[in-house]
Every structure is written in structure tokens, then in C-alpha cells.
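A closer look at the structure
This is what each chain is made of:
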Number of protein chains: 2
Amino acid sequence: MEIKCKDKKVLLKAALGEINSDLAITNAKIVNMFNGNIDHGTVYVKNGFIAHIELNDEETIKADEVIDAKGMYLIPGLIDSHEHIESSMMVPRNFAKAVIPWGTTTVITDPHEIGNVWGVEGVKYMHDDADDLPMRQCIDIPSCVPAVPGLENAGADFLAKEIEELTKLPRVIGLAEVMDFLAVIHGEDRMMDILDVAERKGLYLQGHAPFLSGRMLSAYLCGGPNTCHESRDTNEAYEKYRNGMFLDMRDSSMCKNIPAVWDAVKDSRYLDHLCLCTDDRESEDILVHGHINDVVRIAIQNGMNPIDAIRSATYNTAREVGLKNLGAIAPGYVADMILLNDLEEMTPSVVFYGGQKVAENGKLCVEIKDHSFELERRNSVSIKPLTVDDFTIKAPIENGKIKANIMEFEDPINSLSDVASVELDVVDGKVVLNDPDLKFVAVVNRYQNNDNIAVHVVRGFGTTHGALASTVSHDSHNLTIVYDYAENALVAANELKRVGGGMCAVEDGKIIHTLELPVAGLLSLKPAEELAKDANLMKQANRQLGLTQLENPLLRIVTLALPVVPNAKMSDLGLVDVNNKKLIPLFD
Amino acid sequence: MEIKCKDKKVLLKAALGEINSDLAITNAKIVNMFNGNIDHGTVYVKNGFIAHIELNDEETIKADEVIDAKGMYLIPGLIDSHEHIESSMMVPRNFAKAVIPWGTTTVITDPHEIGNVWGVEGVKYMHDDADDLPMRQCIDIPSCVPAVPGLENAGADFLAKEIEELTKLPRVIGLAEVMDFLAVIHGEDRMMDILDVAERKGLYLQGHAPFLSGRMLSAYLCGGPNTCHESRDTNEAYEKYRNGMFLDMRDSSMCKNIPAVWDAVKDSRYLDHLCLCTDDRESEDILVHGHINDVVRIAIQNGMNPIDAIRSATYNTAREVGLKNLGAIAPGYVADMILLNDLEEMTPSVVFYGGQKVAENGKLCVEIKDHSFELERRNSVSIKPLTVDDFTIKAPIENGKIKANIMEFEDPINSLSDVASVELDVVDGKVVLNDPDLKFVAVVNRYQNNDNIAVHVVRGFGTTHGALASTVSHDSHNLTIVYDYAENALVAANELKRVGGGMCAVEDGKIIHTLELPVAGLLSLKPAEELAKDANLMKQANRQLGLTQLENPLLRIVTLALPVVPNAKMSDLGLVDVNNKKLIPLFD
């Protein structure tokens, strides 16, 4: 896909110097993505595109505005190869305000989270809110809504028809991370139809292939998706790279994969299949550390040549996702650029989007208009009136001990979890917890026409007491609650119904803090600074309930009900055996 | 564009090893285009696609056919990034027979020559004749028919409408070399409309930008085309590469550009914009030296790393032209592959096309069916009855000397030519030649409804006497004759009318040799071996007329009427000032 210039003839005239360019950036060290050199010269911009690069001395600068770069480096605007804006908990326009000053001019975003809540309408909302932004938010259509059909219920169900409808949105460029890799590998009809629509419409197919190897990996590649941001291990990354995958090296708020992936590819003769992504970054991380610029910085710190690292966040990514004239500074390319003093520090001095100065010294310098969408005011948490009974597990015996299959986290930090066999105490026909490491877990379907509530037991979650609840709960985003007593769970659930979703911590029947996320139960309408403060209070509340081992305790509950991550996860239908795609009953 | 697998589910099953693959190539040194490594292993193929690559030892090989590579290298099938099949003077099916044993499994061909003769029908003929071949002939739609509208008349005229019609052909992937660079640079409507159609249809835009530099080059790039095979000079190639062009390093029968281009890019940090092409290779060159494998070999001889050189003729090219799953050996990629003993020698032992063995030890091992098209039997040389008078220049004086603007070749080898001012003798109102270095030149329009004949004088062409005539005469392919006496020209012209086109040499009123090219006046129906013999007799005849300084004298006349090559060329309208796009009268 070419990013189209509105009036090519005017651009041609500016290139020839027959008319003035809009902007000339003089005296810049231009970082060349084609040969890796650094050239000293002037870049001319007209109508948002680069018209000409002059490396010779010129008597007159033919431009309406001239910016003297004073010898600073000029690099292409940064591109995030894969992310979910929803993970920032900000709406697209507020997300833009936070990331533009860091030099992110394009993101490839997968509105998978809101797609699971509001379906096609949710994806369109994310698209439309970004329509007039001074950055490019390209959309990959969520491929797996719900993530694992038949094993969970989300707010929507995307079949080929929904995918086809969404291809009409102008900024749609790909099919987003195809997480249901088993459906691909085994050629399931629903998935084959979705892949077929995407290929027919010329979309690129973004992959998601954690731990895939050998013939399974080959089958996934034969299925079509050929990118992956899910490599945690050097061998895994090496095998994927060798087999032709684009690797999106990830540094999210949770997953720090750069050391492992870089180790896998650092001796490659070619690095053009290497890209960078944030996947999921919280507002505070963005504010404090940065966005994709921070990922570039980390790659450099891990030993990557700065120009290679920049190329991985610009030119390579544009090739990966099929955006032809993006990701380099050359005639005919989109004039997204960054001026900075140091290629290793990666702190932008000036950010240009389509030739317009949009940020300077960390501050946005264009206005981003506020919007109002009806969807932003709609309560997405649709749950029947609840009682304490809803959060109580009834046992098939009256009193005594009973064997049970429960969910168990492998460690207090990682999201990997398994099934464990334990003995639970039963008193008066109800399960009571006999070990401080055990907690109840409930997943309450929060969508219309579905009252499913699954209640189970989890070991090693990390809280010591109280109830922790969240409507951010990948990927179906049902209301997930981890709790000691049903009474605490009920308080948390009712609070999140009231505010339209978010996160809530309850101790002794009292709310410690609620992080309100009224848009789809996922997003706040607050800007990054305010949201980060609020999120910090929420983290504090999480720690108060015992989640002290994670740097970011908010992220503990959000992947508890994610049945694409091995080996056992919860859904509104119960405990899911991820690898074998079946439900595991609590009692045999 | 993805090359589509007919039954993906079957491919998936083969990848998983649930069913047998069609073919396994075991014990191969697999050259990896992603990391540049060489891996020892087995490649599985199903339904024409690579299903799996196994690097571990296996107990059973799950395939119907097993070929032991005996430690030979396995590389992707070679891709020629730019060529005109017509330059081989063979029809597509005979061309295929000649190049497949050399490992060419894909060509990006521009049927520009036949397009200028038979228009849309000619392009469709080239496409259809290649329909069932054991190689992939991808078509770029000729962009410049005629090459320079208004300054020459060809057999057809391609506007946006014709381009749009041709986009419907299944193997069309691009818009072919946009030679009329001035039309691009100055945003002429006809050209802008053509570029717009191509971009809308998702075609890549192949460029042609000889000598373009500075702001002119920038404007050309802003216009859209971003590849070039026309770099003859290191500085020129360096500037194009730096500005983001894909460089197609060329080794044609005429132009040997690899040393200059390689010198320009050899210190680049990245070589992924470097491709290889043959552009125009004659049948004998193909037979004796090879095809794109020979270009790879020459690149290596010039100092290029063999794996980089192979990548430039496989993976890089597929990226340049937008063919997604071509150019590498990896799951999901098309199973075009070559087994060979030596990466520097580049002589294929076995060639696989879509997993089928199509050539072995230089011999084709599949049948290529003969076709018959009505167009192949149609005489394209439509010229009114001619007389000696048609080849005589009448002067505005009766006797004496007259100043004239004639065409002059810069040297006996190069195709560059200029305007020279000379004094010509006039006897009885007719120009007679007073210098052995002067010859008459006539360009006779050979298409229906046009009887244009332009007669002029040329210096430094190289023949000493006689008449040399050709209907191969880039790009309009009018009948071009260089001669001493009108009588000789008439004999040659009538002979080529009779046989339906080709080349003819006449001495003292007698035909020395005629190379018959009855298909469009451009192509023979003979296979390479026979054609090469015939062409050699024609070369001999050329030498007999004095063309002794060129290694290949056939190529002297064919670019005489090519008004996209500076600085002055002939057309059926007269002598053309190429750079200023105007006609130059013989007498002021």
C-alpha cells in the first residue's frame, strides 16, 4: 500500500525547485536507511512528502519555512510494528498525545481488546477517533474474537463477514496477530475463511506463535501469518527467523524479549526481518520511559548497532506491514521525521509528522481536538444482579475433603500457569480455602444475553487477602475476580458494574481503590498524566492485597483468563486446558 | 501479491507430517535467504509449495519421492528482475526452453516491443503463450507505447484505458519501465493517468532513469517509479541507491553495468535494494553464457559475496516486485529451487519449478507444448509500395553545398548520439554523400494507416557500404534502414515486407542474408539453437558491410530510432532532439 499524495503535480514542481517547498530542514545529519550512511544536507518537504534531499551547498533555500537542524541527526519517524492501544488504557487521541513527543509517528495497532467488547463498532470507534490525529494509527483487524471460539464468550464473534466489513476502513492494513495458532495449523474452516478474506483484500497477516517449533511452526507459516512478537527464548527466535518470519522484538510493560531475540539474530548476515514493538505499554511506562524510541534504546543497549536498531523501527517495519513509501527519508516518502542529538539516547528534539512539527523537546506543539462518541458514554458491563451465592463453590459432598483440579501459576511473576490437583475442604456443602496460597477465582461474563459465571480455585496468584477485580481481562475482557471471601467479591463486582468497568480492590468489605475505565471497561478518558496517577493508586491497592513481587501488579490479573497462553487459563466457561482445547472440571 | 496455494489444508497436513509430501530433497546444503547461513537438511514440498524444512536427522522421510542432494547446495529459483523476452527473438515458449536449464524460474518481463507492434493484443499473446510453462513469466505492462508520444508513431498507443484493461491478466504484477521520464518529472497528464491506474491496481512501478540526478531524480521518484536498471556510472548508481531506488544491476548483450553499479553499493550497510537483470539477452548469449545465473556469476566475479549475489537474484527481487512468498526456501514459499555444486560457478545441476524437476544437467526434462496463435502467422509489416524516390533526399537547392543538421554517433560502440552540423553536396536537387563516414538513414512507419517515411543522414554509424535494414528498432519498431544508395535500401525494404519483418543486409543490390522474424517483425518461431545460427549469419553479413568494431553488430541498428536515449535519435517523423523533445529539421 502506497500512502497517497493528494496532488502529485505540486510535489513534482517542488522537487524540481520550480516552486517553494513548505519546509526545508537544513544542516542535518540525515540517516540513510538504504545504505546506512549519514549524509549532511537539507531535506525539502512539500504537501507532507519529501520532495528532495540536497547534499550540496545551496545559495538559496527554496522553502517557505526553514529549520536549521544545527547538525542534529534526522531519522525517519518511528513505527511500532505491533501494539494494542487499549493496553495504555487511553483512548486513541490521548494515546497520541503521550507517544508523539517520543517520536512515534506510526503505530500498527490491533484493537483486539475493544473488538472483544464492542465488536465491529469498537474497532470502528478506535479507527474513527484517530482520524484527524497528527500521527498515523494503522489498524490490523482483530483475527481472533473471541481468542478461542468455543472455550470462552466475548462481547462479539468475528467471522469472515465481520473481517470483510472492517477491510473497508481506510487505515486498515493487516489482519492482526493470529493467536489461535491451532486453528491455523489444523486448517479449521472458520480460520481458513478469515485468512482467505485477508489475503484476497491484500492485507498482510500478522502472526502470534509462542513456543511454536518444528512442523507446527512450518504449518503455521504455510497457513499464511509470517510475523511474530512472541519469542521469549533464543532458540525459538532463531528457528522462526531462519524459517522466514519477521520478528517483532518486544519490550512491553510485561515482556522484555529483546535480550533473547537479539541473541538469536545478532550473527545474521541480514537483519531486514527484524522489527521492534511495544505490544502492551501502560501509560506510566510511556510517560517515564518512552514508547518505541525506548525499545530502540534498549535494543542498542543490548548491542545492536544504532542504525540497525533505527531501521528495525522504521524501514523494516514498513516493509513488514506493506507500507511502501514509509520508513525512510527519500524523495516520495512520507515526511515523518525526528531530529535528535544522540542516536543511542533516542530522545527526540523535534518530531515531524507529514512535514509538520508536532512535538518539540518532549512537548506536543499541535492541538489535538477532543471528540465525543456515544460509545464512550455507554456502560459495557452488563451483569445480572449478583449475590454472595454467585461467588460460592458448591461441592458434591457436605463436609470433608475433596480432590479438585485447580489453576496454578508457575511463579509469582510469569503468566504461565498449569493445572494442579489438590484437596479442598468442604464445610456445609461449600468449598472453603485451607491454604493461604489458594484463592477463589470467578470469571463473570459481562455481555448482553449471557449470564455465565465460572467459579474456580487458583494457587500462587499472589494476593494474600481481599478481592481484586478487573474488566480488563484478556482477551474476552469478562469481569475477573480473585478473592478470599464471596462478600469481598460481591462488593468489587458491584462497584465495577456501577462505574462501567475498570479495576477494583476490596479489603474487609471496603473498597481501597477503583480505577475507572468507563470506555468498554478498558479505557479511561483521562490523559496519560492523570491516568498514571490513578493507576499508581490502583497498583498501591494491589500491593496492599499482597501483590508485592511484580514490578507492575496491575498486570497480574489481566492475563488470568487468556486461554491462548499455556497451559491452563480461566474463561467464563471454567478452567481451560489451553493446549488440548478443552474444559477441565473442578471436580472429576 | 501472494502466489496462492490451491489447497492450503493439504499443504498444512504435509507440513505437520500427517500425510506424505510429494517430494523430499534430502542431504542438501540449504542456503538461507533470511540469515545468510547454510543449513544441512531436508526440504519437503507439497502441491508446489515448501511444506517443511527439517534440519534434524529423521528416521523416515515422509514423501512420495525422495531426491538425495548428495551435499549439493540448494538455492531458490532465480528471478530476472527486468527483461524483454523479445530481445531473445524467441517466442515465450522457446525462450522458456532456453532459460529454464540455467535455473531461471521466474522472469519479470516487459512485452514492450510487441506492445508497440500489436498493442494490447501483443501483450496478451506474450501472456497467453506462457500460460502453461514450467516457469513463471510475470508481466509488467508496457508504460510507454509509444516511448515518446508525439515524436514517433508505433503500432499502438497505450493510454490509461489500455493499461487498465491489461491489469486483468492474471500474471500482471507491475507497470514496466517508465522510460518517458520527462513526462513523469513534468507531471504530464497522460503519464499521471497511467501511473494512477497502476497504483490503484496495486502494481509496482518499474523505473528507467538513465543519467537522472539531483532534483530531476527526486522528481522522478516523487512521481512513483522506484527501480532502475539504467545505471552505467558509479556516481549515478550511488545517488540512486541513496535516494531509495532498487538498482537492477544489468548484464545484457549490450550493457555490462555490474562493475560500475557494484562499485557504488559495495560499501553499503544494506544490500536489500540490489537486484540483478538481463534486460536484453540474445539467444546465443543465453545458450553460451547463461541467463540470470550468468549475471549472478559476474556479480560474484566482481567481488560480491555469493550469498549476497544469489539474494539479489531471488529474495531481493521478489521484494522489489511485490511477490510475497517467492525467492526463498521456507515453509509456505513457492518451491522453485536449484541444486548446484558450486555457488560461484552457478551452473545448476537440477532445477525445480513448483517442486517439479524441470531441468537436469543443462537439459530440460519436461515437455513444453507447442502452441499456434493466429498472431504468429500475421504479417505486421504494412508498407505502401516503395520506390527509389522514397529513399532520396531532395534539397532546396539544385547543385552545390548545403548546411544540414545530421545525426552523429559519439563512437562506434556506444548508442549515444548527437546532432552535428555538416555541409552536404547536392547534385540535381538531390543530396549525395561526400564522406565515407556518412550514410543515409530512413525510418519507414510499418503500421496500418500511416505511410510516414523520414529520410536523414547519419555520421559514424559504422557501415562502409550497402544497406542494413531492421524491423527490430526500439521502441516503435518501424523499419529502419541505413544505406549508401537508395537502390540498396529499396531491395532491403521489399525483402523485409515479403518475409514479415526481421533484419536484412544488401550489398550491390543483392541480399547477403535475411534473418526472418515473422512474429510481429520481432520474433522467430525457431528454438534457440537454430535461431542463434541464423543470427550468426546475420552478424556475419553486418560485418561484411563494415560493422566490425562491435562484438555484436546486430545491436547497432536497433537503437538508432530510440528517442529515449540521448541526445539525438531518429523516428518516423525525422530527427528527434531527445532532451528537448522536439524535431530537428535536416535543413534550417
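Our subject in this report is the structure included herewith. Keep in mind that what you see is a predicted model, and the values were worked out from it rather than measured. Residues take numbers from 1 onward in each chain, read along the sequence in its written order. Whichever chain is written first is A, and whichever ligand is written first is 1; the rest continue in order. Whole-chain, interface and lining totals are the exception, using all residues; otherwise, since this is a predicted model, local features are given only for residues with pLDDT of at least 70 and side-chain atom pairs are given and counted only at 80 or more. As a rule here, side-chain values come from all non-hydrogen atoms in the structure, and water together with hydrogens is ignored.

**Topic: the interface of chain B and chain A**
Going by this rule: Whether two residues are in contact is decided by their heavy atoms: any pair within 4.5 Å suffices. The term buried area refers to how much accessible surface (probe radius 1.4 Å) is lost by two components on association, counted for both of them together. By definition here, a salt bridge exists when the distance from a side-chain nitrogen of Lys or Arg to a carboxyl oxygen of Asp or Glu is within 4 Å. The definition of a polar contact used here is a pair of N or O atoms within 3.5 Å, where within protein one atom must be able to donate a hydrogen and the other to accept one, and adjacent residues in sequence count solely through side-chain atom pairs. In this description a helix means any DSSP run of H or I spanning at least four residues, a strand means any run of E spanning at least two, and both kinds are numbered starting from the N terminus.
With 65 residues of chain B at the contact, the number on the chain A side is 65 residues. At the boundary of chain B with chain A, total buried surface from both sides reaches about 5,300 Å², with 49% on carbon and sulfur atoms. Its largest share of buried area at the contact with chain A, chain B owes to Arg215(B), Arg242(B) and Tyr270(B), together 16% of the area lost on that side. Where chain B touches chain A, the interface holds 14 salt bridges. Among the ionic pairs, Glu58(B) bridges to Arg215(A), the shortest N-O distance being 3.8 Å. For the pair chain B and chain A, the interface holds 30 residue pairs in polar contact (both at pLDDT 80 or more). Only α1 (8-16), β2 (38-46), β3 (49-54), α5 (181-185), α6 (189-200), α7 (214-223), α8 (234-242) and α12 (306-312) of chain B provide two or more residues apiece to the side of chain B that touches chain A.

**Notes on the relation of the copies chain B and chain A**
Short version of the rule: Least squares is used to superpose the copies, and the fit set is the C-alpha atoms of residues whose pLDDT is at least 70 in both copies.
Mapping chain B onto chain A calls for a screw motion: a turn of 180° about the axis and a shift of 0.0 Å along it, with 0.1 Å RMSD after fitting. This pairing of chains is accounted for by a two-fold axis. Take the interface residues of chain B: 100% of them recur as interface residues in chain A, which is what a same-surface contact looks like.

**Quick word on the pairing of strand β6 (residues 78-83) of chain B**
All names here are of chain B. Inclusion rule: Each residue gets one of three labels from its accessible area relative to the maximum for its type: buried under 20%, exposed over 50%, partly exposed in between, using a 1.4 Å probe on protein chains only. When DSSP finds two or more bridges between a pair of strands, those strands are recorded as paired.
Along β6, 6 of the 6 residues are buried, which leaves the element largely enclosed by surrounding structure. Here β6 runs beside strand β7 (residues 104-109); their pairing, made up of 4 bridges, is parallel. Directly across from Asp80, in β7, lies its bridge partner Val107.

**A short note on the pattern of salt bridges**
In total, this model carries 80 salt bridges over all chains according to the counting rule given. Two residues, Asp251(A) and Lys256(A), come together in a salt bridge whose shortest N-O distance is 3.3 Å. The exposure class assigned to Lys256(A) is partly exposed, which follows from its relative accessible area of 47%. Put simply, Lys201(B) and Glu164(B) hold a salt bridge, and the shortest N to O gap is 3.6 Å. Of this pair, Lys201(B) sits in the loop between α6 and β10 (204-207) while Glu164(B) sits in helix α4 (residues 160-166), and the two are 37 residues apart along the sequence. The exposure class assigned to Glu164(B) is partly exposed, which follows from its relative accessible area of 28%.

**Considerations on the nonpolar core**
Rules: Put simply, buried Ala, Val, Leu, Ile, Met, Phe, Trp, Tyr and Cys residues joined by side-chain atoms within 4.5 Å make one nonpolar core.
Ranked by internal contacts, the top residues of the largest apolar core, which has 106 residues, are Ile75(B), Leu175(B), Tyr220(B), Met249(B) and Leu274(B). If sequence neighbours within four positions are ignored, Tyr220(B) has contacts with Val178(B), Phe181(B), Val184(B), Ile185(B), Gly207(B), His208(B), Ala209(B), Leu212(B), Pro225(B) and Met245(B). Core analysis: the second largest hydrophobic core is formed by 105 residues, Val261(A), Leu343(A), Ala51(B) and Tyr204(B) among them.

**Notes on the side chain of Asp336(B)**
Residue and element names in this part refer to chain B. Looking at the element boundaries, Asp336 is found in the loop between α13 (315-321) and β14 (337-340). Here Gly354 takes part through its backbone nitrogen, which lies 2.8 Å from a polar atom of the side chain of Asp336. For Asp336, the residues in contact, after removing those within four places along its chain, are Ile75, Pro76, Gly77, Thr105, Thr106, Arg136, Leu326, Phe352, Tyr353 and Gly354.

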